[in-house]
Amino acid sequence: MAENIQVKSTSNRLKRPRTNVVKAFYFKREREILGGGAILLFFVMWEIIGASGLFNSMFVSSPSRVWVAGVAYIESGLVWNDLRISGIEFFSGYLLALLVGVPIGLMMGWYWRVHAILDPFVSFFYSTPRIAFLPVLIIWLGIGMGSKIAIIFMMSVIPFVVNTMTGVRTIDQNLVKVARAFNASDLQIFLTIILPGAIPSIISGLRLGIGLGLIGIVVGEMYAANAGIGYRLMEAGTMFRTDLLFVCVLMIAGIGIASSELLVRVERIFDRWRPDRS
């Protein structure tokens, strides 16, 4: 009897550490587990609905059909040309918006006269659906890459300007007064206080610009193009190829999520530089 009790107590001691390890792993990765489980459940339900025959498969498709369409899209070789064209257009417009938007935002936040001059134009473009300028851009620049780069630039540049300007204007002015008290020049104040203090807001603007830039490239290629992810998406919709349409949507979403997650990690590095408003 004593031996049985000893064996049970020993087995309980062996089970407890495993249980604790599992619990510790779950609570450490709870967010990822819950998010991944929700995604998995979504795809399972989608597959069940698609295979049930309740809806026309032409309109709802299913994850398995999307997978087959994605493999066929890759094997055809079209995906690489579409990614190349869309990538060149996106990064060209995005980089141009970065090079223009950040300096303008810094000047608008630091010099009140520049802010007074440019604020009406920034407010106009901020409140206007910039996609509406696409027909005009096509008339000016044609249906080539130029019009798509221009619309991506217009979609992304405003978040860069507004967030950078906000970052500069929310810097603690006491830091600037102390620097001036020690006879620091404007260039020294800008390099040591203004620019580092605005970096967290600039990175937030970069994250917003990614989503808006992707919208611009999709709409631009759907409107007038003969290649690219947006063009392929439009073509799939026109031909009622829902499976290929979802492939293009998931590719665009994946690029956006990966880019945003990369900027989130960069943002965390500079997060301690954010001004404390408490």
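Fair warning: this is a prediction, and the values are worked out from it, not measured in the lab. (Residues numbered from 1 in each chain as written. Predicted model: local features only at pLDDT ≥ 70, side-chain atom pairs only at ≥ 80, totals over all residues. Heavy atoms only, no water.)

1. A word on the overall build of the protein chain
Helix and strand counts for the protein chain come out as twelve helices and zero strands. Secondary structure of the protein chain in N-to-C order comes out as α-α-α-α-α-α-α-α-α-α-α-α. The burial tally for the protein chain puts 34% of its 278 residues in the buried class. Counted over contacts in the protein chain with a minimum sequence separation of 6, partners at least 24 positions apart contribute 70%. (Helix = DSSP H or I, 4+ residues; strand = E, 2+ residues; numbered from the N terminus. Buried < 20%, exposed > 50% of the residue type's maximum accessible area, 1.4 Å probe, protein only. Contact = heavy atoms within 4.5 Å.)

2. Side note on the packing of helix α5 (residues 78–110) against helix α10 (residues 186–223)
Between α5 and α10, the shortest axis-to-axis distance is 8 Å and the interhelical angle comes to 145°. Crossing hand, α5 versus α10: right-handed. Split into classes, the residues belonging to the contact of α5 with α10 amount to 17 nonpolar, three polar and two charged. (Axes fitted to C-alpha atoms, helices over the stretch in contact; angles between N-to-C directions. Left-handed = near helix turned anticlockwise from the far one by under 90°. Nonpolar A, V, L, I, M, F, W, Y, C, P; charged D, E, K, R; others polar.)

3. Overview of the packing of aromatic side chains
Using the criterion set out here, one finds nine aromatic pairs in the structure. Summarising the aromatic geometry, the rings of W46 and F246 are spaced 5.1 Å apart at their centres and angled 65° between planes, so their arrangement reads as edge-to-face. Note that W46 is positioned in helix α2 (residues 30–52) and F246 in helix α12 (residues 242–270), a separation of 200 residues in sequence. When its relative accessible area of 13% is taken as the criterion, W46 is described as buried. When its relative accessible area of 26% is taken as the criterion, F246 is described as partly exposed. Considering the side-chain rings of F124 and F125, the 5.2 Å spacing of their centres and the 80° angle between planes classify their relative orientation as edge-to-face. (Phe/Tyr/Trp six-rings, centres within 6.5 Å; stacked < 30°, edge-to-face > 60°.)

4. What to know about the environment of T164
Structurally, the position occupied by T164 is in helix α8 (residues 145–169). Each residue touching T164, except ones within four places of it in the same chain, is listed here: V102, G105, L106, P159, A198 and I202.

5. A short note on the packing of α5 against helix α6 (residues 112–127)
Contact geometry of α5 with α6 gives a least axis separation of 6 Å together with a crossing angle of 125°. The angle between α5 and α6 falls in the class oblique. Judged by the twist between their axes, the crossing of α5 over α6 is left-handed. The residues of α6 that touch α5, namely those facing I104, M107, M108 and W110, are W112, V114, H115, L118, D119 and V122. Among the residues making up the contact of α5 with α6, the classes are represented as eight nonpolar, one polar and one charged. (Parallel < 35°, antiparallel > 145°, perpendicular 65-115°, else oblique.)

6. Things to note about the pattern of salt bridges
A complete count under the given rule lists three salt bridges for this structure. In this structure, R232 and E235 form a salt bridge, with 3.0 Å as the shortest nitrogen-oxygen distance. In this pair, R232 and E235 both sit in helix α11 (residues 229–238), three residues apart, roughly one turn of the helix. With a relative accessible area of 9%, R232 lands in the buried category. A single network of salt bridges, built from pairs that share partners, joins D82, R232 and E235. (Salt bridge = Lys/Arg side-chain N within 4 Å of Asp/Glu carboxyl O.)

7. A closer look at the environment of L83
Note that L83 resides in helix α5. A relative accessible area of 28% means that L83 is categorised as partly exposed. Separated by 146 residues in the primary sequence, L83 and I229 have C-alpha atoms spaced 6.5 Å apart.

8. A word on the side chain of E89
Structurally, the position occupied by E89 is in helix α5. Of the side chains bearing the opposite charge, K148 lies closest to the buried E89, which forms no salt bridge; the N-O distance is 4.9 Å. Those residues in contact with E89 that lie beyond four places of it in its chain are M145, K148, I149, I152, I217 and E221. (Lys, Arg positive; Asp, Glu negative; His and termini not counted.)

9. Examining a nonpolar patch on the surface
Together, L40, L41, V44, M45 and I48 make up a nonpolar patch on the protein surface, roughly 480 Å² of accessible area in all. By relative accessible area, which is 48% here, I48 ends up partly exposed. (Patch = residues over 30% accessible without salt bridge, like charges linked within 9 Å, V, L, I, M, F, W, Y side chains within 5 Å. Areas by Shrake-Rupley, 256 points an atom, 1.4 Å probe, with all protein chains shown as cover.)

10. Overview of the side chain of H115
In this fold, H115 is placed in helix α6. Exposure remark for H115: the relative accessible area of 18% places this residue in the buried category. Contact partners of H115, with chain neighbours within four places excluded, come to M108, M165 and R169.

11. What to know about α8
A rise of 1.5 Å per residue sets the reference length of α8, with its 25 residues, at 36 Å; its end C-alpha atoms lie 36 Å apart and thus fit the reference within 8%. At S156, α8 shows its largest kink, close to 30°, and the proline P159 lies no more than four residues downstream. When you tally the buried positions in α8, you get 19 out of 25 residues, the bulk of the element. (Expected span 1.5 Å × (residues − 1). Bend = angle between axes of the 7 residues up to and from the residue.)

12. Quick notes on unusual backbone geometry
A positive phi angle is found at F240, which is not glycine, with a value near 55°. Within the secondary structure, F240 is located in the loop between α11 and α12.

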